[in-house]
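Fold and geometry: a report
Take a look at the letters that make up each chain.
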Amino acid sequence: MSVYAEIVNGVVVNIIEADANFVKSQTNKNYILCTRGGVGWTFNGTDFIRPQPYPSWVLDENNNWQAPIPMPVVEGKRYAWFEPNRVWIEVV
C-alpha cells in the first residue's frame, strides 16, 4: 500500500492509503502518489508545498517558505516569528 493525495484545483483535499489498482479504478478523482504533506497543501505538478505560514514569507527554489529575515541561531535560545513587526522574538 502507498499513500496518495487527492488533488482538486491544485490543492490536496484528501489523503488515502491504498494500492495502485484501487487508485486506477477511481476515474473521477485525481490521485497523486504523496511524497510529503497533507490536506491543505498545494501540488504544483512536481512537488507538494505546505500552506504559507505568514503573509511576509516567500517560497524559495526548493518550495520551502522562508522568512524575510533568517531566524537567529543562539545556543540555548528559541525564537518565534512575530508577523506584525516582521521580526523574530525570543521565546522564554
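Whatever comes next refers back to the structure up there.
Residues numbered from 1 in each chain as written. Predicted model: local features only at pLDDT ≥ 70, side-chain atom pairs only at ≥ 80, totals over all residues. Heavy atoms only, no water.

**Quick word on the pattern of salt bridges**
Spelled out, the test is: Here, a salt bridge means any side-chain nitrogen of Lys or Arg that lies within 4 Å of a carboxyl oxygen of Asp or Glu. In DSSP terms, a helix is any run of H or I states spanning at least four residues, a strand is any run of E spanning at least two, and both are numbered starting from the N terminus. Burial classification: accessible surface area is computed with a 1.4 Å probe over protein chains only, and a residue below 20% of its type maximum counts as buried, one above 50% as exposed, and the rest as partly exposed.
Applying the stated criterion across every chain, the model contains 3 salt bridges. A salt bridge links Arg 36 to Asp 47; the nearest nitrogen and oxygen atoms lie 3.7 Å apart. One end of the pair, Arg 36, is in the loop between strand 3 (31–33) and strand 4 (42–43); the other, Asp 47, is in the loop between strand 4 and strand 5 (48–49), with 11 residues separating them in the sequence. The exposure class of Asp 47 is buried, given its relative accessible area of 18%. Notably, a salt bridge pairs Glu 83 with Arg 86, separated by 3.8 Å at the nearest N-O pair.

**Some details on the pairing of strand 1 (residues 2–8)**
Note the following rule: When DSSP finds two or more bridges between a pair of strands, those strands are recorded as paired.
Examined bridge by bridge, strand 1 and strand 2 (residues 11–18) share 7 bridges and lie antiparallel to one another. Opposite Ala 5, over in strand 2, you have Ile 15 as the bridge partner. Between strand 1 and strand 2, which pair antiparallel one after the other, the connecting turn spans 2 residues, and Asn 9 there sits at a positive phi close to 55°. Bridge count between strand 1 and strand 3: 3 bridges; the pairing is antiparallel. From the neighbouring strand, Ala 5 faces strand 3, where its bridge partner is Ile 32.

**Quick look at the environment of Pro 68**
Mapped onto the elements, Pro 68 comes out in the loop between strand 7 (65–66) and strand 8 (78–82). You can call Pro 68 partly exposed: its relative accessible area is 45%. Sequence-wise, Pro 68 and Val 87 are 19 residues apart; in three dimensions their C-alpha atoms are separated by 8.6 Å.

**Notes on unusual backbone geometry**
Notably, Asn 9 is not glycine yet its phi reads approximately 55°, a positive angle. Looking at where Asn 9 falls in the secondary structure, it is placed in the loop between strand 1 and strand 2. Exposure remark for Asn 9: the relative accessible area of 79% places this residue in the exposed category. With phi around 60°, Asn 63 is a residue other than glycine that occupies positive phi space.

**Some points on the side chain of Ser 56**
To be explicit about the condition: Here a polar contact is recorded for every N or O atom pair within 3.5 Å, except that within protein the pair must consist of a potential hydrogen donor and a potential acceptor, and residues adjacent in sequence are included only if both atoms are side-chain atoms. By definition in these notes, contact holds between two residues if any of their heavy atoms fall within 4.5 Å.
Structurally, the position occupied by Ser 56 is in the loop between strand 5 and strand 6 (58–59). On the basis of relative accessibility, which here comes to 12%, the residue Ser 56 falls in the buried class. Within the structure, the side chain of Ser 56 is placed 2.8 Å from the side chain of Glu 83, a separation counted as a polar contact. Other than its neighbours up to four places away in sequence, Ser 56 contacts Pro 68, Trp 81, Glu 83 and Arg 86.

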